Amino acid sequence: MARAWVARSKDDPKKWTTYWYDPDGKQRQKTFETKKRADDQRKRKEQELDAGTYLDDRLGKQPVTAVWEQWTNQRKLENSTKKQYRSILNTTIEPFFKARSIVSLKVADVEQWLLWMEQDRKLSARTRRQRFSFFSGMMDWAVANEIIGRNPCKKVKGAGSRAKEIREHKSTARRLTTREVLAMLDAACDWARPWQCPATRSTSRPRLFASTSRLQRTETASRGRTARSSVVTSRLVTKASQGVRSPSRRTSPSSFGGTSRITAYGGLSGFSSPT
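Fair warning: this is a prediction, and the values are worked out from it, not measured in the lab.

Q: In this structure, what is going on with the overall build of the chain? I would like to understand it.
A: Assigned secondary structure in the chain consists of 9 helices and 6 strands. Within the chain, the proportion of its 275 residues that are buried is 34%. For the chain, contacts bridging at least 24 residues in sequence account for 45% of all contacts bridging at least 6. Element-wise, carbon and sulfur atoms account for 49% of the exposed surface of the chain, whose accessible area totals about 17700 Å².

Q: Sorry if this is basic, but what is going on with the sheet that holds strand 2 (residues 16-21) here?
A: Either a parallel or an antiparallel arrangement is found when strands of a sheet pair, and the pairing is made through backbone hydrogen bonds. A sheet is described by the order of its strands in space; here 3 strands give the open sequence 1-2-3, paired in antiparallel fashion. The open sheet has two edge strands, strand 1 (4-8) and strand 3 (27-32), and neither has a second partner. Averaged over all pairs of adjacent strands, the angle between their axes in this sheet comes to 25°, without regard to strand direction. As paired strands, strand 1 and strand 2 are joined by 5 bridges and run antiparallel to one another. Its bridge partner lying in strand 2, A4 is registered against W20. The sheet strands contacting helix 1 (residues 35-51) are strand 1, strand 2 and strand 3, and the helix crosses strand 2 at an angle near 10°.

Q: Could you clarify how one ought to interpret the packing of helix 4 (residues 79-97) against helix 5 (residues 107-119) in this entry?
A: Axis separation between helix 4 and helix 5 bottoms out at 11 Å; the angle between their running directions is 130°. The angle between helix 4 and helix 5 places the two elements in the oblique class. Crossing of helix 4 against helix 5: the hand is right-handed. Residue-level inspection shows T91, T92, I93, P95, F96 and F97 of helix 4 in contact with helix 5, the latter providing D109, Q112, W113, W116 and M117. Tallied by class, residues from the contact of helix 4 with helix 5 come to 7 nonpolar, 3 polar and 1 charged.

Q: Which parts of the structure should I look at to understand the packing of helix 3 (residues 64-73) against helix 4?
A: At a minimum axis separation of 10 Å, helix 3 and helix 4 run at an interaxial angle of 160°. By the criterion of interaxial angle, the relationship of helix 3 to helix 4 is roughly antiparallel. Helix 3 and helix 4 meet at a crossing whose hand is right-handed. For the pair helix 3 and helix 4, the contacting residues are V64, T65, W68, E69, W71 and T72 in the first and Y85, R86, I88, L89, I93, E94 and F97 in the second. In terms of residue class, the contact of helix 3 with helix 4 is built from 8 nonpolar, 2 polar and 3 charged.

Q: How do you make sense of the nonpolar core when you look at a structure like this?
A: Among soluble globular proteins, nonpolar side chains are generally buried collectively. Counting 29 residues, the largest nonpolar core has W68, I93, I102, W113, F135 and M138 as the members making the most contacts within it. Elements with a minimum of two residues in this core: helix 3, helix 4, helix 5 and helix 6 (125-144). Here the element with the most residues in this core is helix 6; it accounts for 7 residues. Excluding residues that lie within four positions of it along the chain, W113 makes contacts with T92, I93, F96, F97, R131, F132 and F135.

Q: Got a minute to help me understand the pattern of salt bridges in this structure?
A: Oppositely charged side chains may form a pair once their charged atoms are brought near each other. What the rule picks out here adds up to 11 salt bridges. Residues D50 and R3 are paired through a salt bridge, measuring 2.1 Å at the closest nitrogen-oxygen approach. Taken as a pair, D50 in helix 1 and R3 in the segment before strand 1 lie far apart in primary sequence, 47 residues in all. When the shortest N-O distance is used, the salt bridge between E46 and R42 registers 3.1 Å. One end of the pair is E46 and the other is R42, both in helix 1 and 4 residues apart, which spans about a single turn. If you follow the salt bridges from partner to partner, you end up with D39, R42, K43 and E46 in one network.

Q: Where do I start with unusual backbone geometry in this structure?
A: Peptide bonds are, in most cases, trans, and in most cases residues other than glycine have a negative phi. With a phi close to 55°, K122 is a non-glycine residue in the positive phi region. Along the chain, the position of K122 falls in the loop between helix 5 and helix 6. For K122, a relative accessible area of 65% corresponds to the exposed category. In this structure, E146 is a non-glycine residue whose phi angle is positive, near 60°.

Q: It is not clear to me how the side chain of T92 should be interpreted in this structure. Could you clarify?
A: Checked against the element boundaries, T92 lands in helix 4. Apart from residues lying up to four places away in sequence, T92 is in contact with W113, W116, M117, L123 and R131.

What counts as what
Residues numbered from 1 in each chain as written. Predicted model: local features only at pLDDT ≥ 70, side-chain atom pairs only at ≥ 80, totals over all residues. Heavy atoms only, no water. Helix = DSSP H or I, 4+ residues; strand = E, 2+ residues; numbered from the N terminus. Buried < 20%, exposed > 50% of the residue type's maximum accessible area, 1.4 Å probe, protein only. Contact = heavy atoms within 4.5 Å. Areas by Shrake-Rupley, 256 points an atom, 1.4 Å probe, with all protein chains shown as cover. Pairing = 2+ DSSP bridges. Axes fitted to C-alpha atoms, helices over the stretch in contact; angles between N-to-C directions. Parallel < 35°, antiparallel > 145°, perpendicular 65-115°, else oblique. Left-handed = near helix turned anticlockwise from the far one by under 90°. Nonpolar A, V, L, I, M, F, W, Y, C, P; charged D, E, K, R; others polar. Core = buried A, V, L, I, M, F, W, Y, C linked by side-chain atoms within 4.5 Å. Salt bridge = Lys/Arg side-chain N within 4 Å of Asp/Glu carboxyl O.

If you want it as structure tokens, here you go:
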């Protein structure tokens, strides 16, 4: 028996209907205006059946929102996670895709969705990346369950990358000044500075705050005072020649566990974070 064939429509003799049997043995049909379109449908269904890539057209016509709900319902999620997925559906998926069928989505549609979340919804790069990851997971599930034949999210470039977010962070980051570092050290809790507490006065200081005096000496040297010091440990000490205000830089293992640099420029000092 033929798996697919074309015949005149029973309801309208001017139209043509394509008939075929799906992998479950159920007869399906679709009517077209011309015989050519009906015959093209027959060839396509025969190719899908031979290649094992047959898809039920009715499943692909489901709205994106309906498939999203099926995807979330079949997963074993906590109530809080279900509420999060419902919120994503109501705020970023349904308002944009509305009644669009899942099989109709193209790569350009997903790209427009990402742009809409950025420009209209004003969502951060991290939030957009999370939404895209969930959406792509739903599309993968639809492919695995033979609802659609491909996942258009796979061809969207850079949507799941953190490169743009990192660039935005670097553009707003700045180095701490020496005064800001000293303020941070001064704001430390008393238990970390026992030498300042009369009841527990001690001549020894924790390593973390031993750098405070060295930073202060750097401030003094940057104002033109002569600093002649030779520190065996070579930590965060700026040497200045007599009468010279040229920049002086030392790099050494700091008490923060990395490498820090103190640079003095005629009264201004800069502190760079560990590299």
